[in-house]
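These are the residues of each chain, in order.
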Amino acid sequence: MDETPGRIGVFDSGYGGLTILKEIRRELPQYDYLYLGDNARAPYGTRSFDVVYDFTRQAVEELFGRGCHLVILACNTASAKALRSIQQNVLPDRWPGRRVLGVIRPTVEAVGDISRTRHVGLLATPGTVRSHSYRLEIDKLHPGMMITETECPMWVPLVEHGEADGDGADWFVRKYIDATMQADPDIDTLLLGCTHYPILLPKILRCVPDGVSVLSQGEIVARSLADYLRRHPEIDRKCTKGGRTEFLTTENSDIFNRLASMFLGDRICSTRITL
């Protein structure tokens, strides 16, 4: 197995993972990153477990093949439906020594320090909600905490079609937040369980009741990754540090560059690949 140091891989089915990458680069600017968006096959949120697993495995192995020793699944659906199977079935046999981390566990770890009522709401894609991955993780880490899960099928299309700032988005943002709070008025913390949702954060904050915290994943995942690398120097040594980022997409590069720049706030240049 090649032990030559390589970049940290960051994968998402679409563009939302760029909100995670943005915060990771802010927290850990010294590392090199390789971002892969499977934009041609997005969204993953409505696909079956088997399909999400196959697509995510292909992406992870692509990043491993390009020298990454550590890959972050910056996608809640992939973390919910594929992470555990990849960790248990793919890494030991095919890629010993490589690591794949998700975004759900660090988010759930953080909520324990924030919620005082121990009633939380999850706003996520249908795939993430139906996997109940957040519920299972909360039951393990915070027994007795109550979680209300709400599917928000329109939020990702609004973001990816450039409608996040439009008036039409307000109705859908309020609809899902109101439904969540009506289901459990004791909720004091809302989890944004999709990496696209920070783009809607200004509208979300205007709709949440006073006293309700909104937990976005970017900063949480970035801090968790920094802590992971401190605790695992053997992995840290395998990550190159030059402050560079490369972008790969399965979509047309011009389309990806335009939309990705909206998420990152920087102009980028990507390379199209096929998985």
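Cut-off values and rules
Residues numbered from 1 in each chain as written. Predicted model: local features only at pLDDT ≥ 70, side-chain atom pairs only at ≥ 80, totals over all residues. Heavy atoms only, no water. Pairing = 2+ DSSP bridges. Helix = DSSP H or I, 4+ residues; strand = E, 2+ residues; numbered from the N terminus. Axes fitted to C-alpha atoms, helices over the stretch in contact; angles between N-to-C directions. Core = buried A, V, L, I, M, F, W, Y, C linked by side-chain atoms within 4.5 Å. Buried < 20%, exposed > 50% of the residue type's maximum accessible area, 1.4 Å probe, protein only. Contact = heavy atoms within 4.5 Å. Salt bridge = Lys/Arg side-chain N within 4 Å of Asp/Glu carboxyl O.

Colleague: Which parts of the structure should I look at to understand the sheet that holds strand E2 (residues 33-37)?
Modeller: Strands sit in the order E4-E3-E1-E2-E9-E10 across an open sheet of six strands; the sheet is parallel. Two strands bound the open sheet, and with one partner strand each, they are strand E4 (99-101) and strand E10 (270-272). For this sheet, the mean angle separating the axes of adjacent strands, direction not counted, is 20°. In the sheet, strand E1 (residues 8-12) pairs with E2 via five bridges, with the strands oriented parallel. Its bridge partner being in E2, Ile8 is matched across the sheet by Tyr33.

Colleague: Would you mind showing me how to read the nonpolar core here?
Modeller: A general tendency of soluble globular proteins is for nonpolar side chains to be buried together. Leu18, Trp155, Ile177 and Leu229 are the most contacted members of the largest nonpolar core, which totals 52 residues. Among the elements that take part in this core, helix H11 (residues 217-231) stands out by supplying six residues, more than any other. Not counting the four nearest positions on each side in its chain, Leu18 is found in contact with Tyr35, Phe247, Ala260, Phe263 and Leu264. Residues Ala82, Ile86, Val90 and Trp95 belong to the second largest nonpolar core, which totals 25 residues.

Colleague: What's the story with the sheet that holds strand E7 (residues 189-192) in this structure? I'm lost.
Modeller: The strands that make up a sheet are held in pairs by hydrogen bonds between backbone atoms, and each pair lies either parallel or antiparallel. In spatial order, the strands read E6-E5-E7-E8; together these four strands make up an open sheet with parallel pairing. Where the open sheet ends on each side, the last strands, each with one partner, are strand E6 (146-151) and strand E8 (213-215). Each strand axis lies, on average, 20° off the axis of its neighbour in the sheet, ignoring direction. The pairing of strand E5 (residues 119-124) with E7 spans four bridges and is parallel. Across the sheet, Val120 pairs through a bridge with Thr189, a residue of E7. Contacting E5, E6 and E7, helix H9 (residues 167-183) runs over the sheet at an angle of about 150° to E6.

Colleague: Please clarify how the pattern of salt bridges should be interpreted in this entry.
Modeller: Opposite charge on two side chains lets them pair, provided their charged atoms get close. Tallied over the full model, the rule gives 20 salt bridges. In this structure, Asp170 engages Arg206 in a salt bridge whose closest nitrogen and oxygen atoms are separated by 3.9 Å. Placement of the pair is Asp170 in helix H9 and Arg206 in helix H10 (residues 201-207), with a sequence separation of 36 residues. Under the relative-accessibility criterion, Asp170 is labelled partly exposed at 26%. By sharing partners, the salt bridges in this structure join Arg105, Glu109, Glu137 and Lys140 into a single network.

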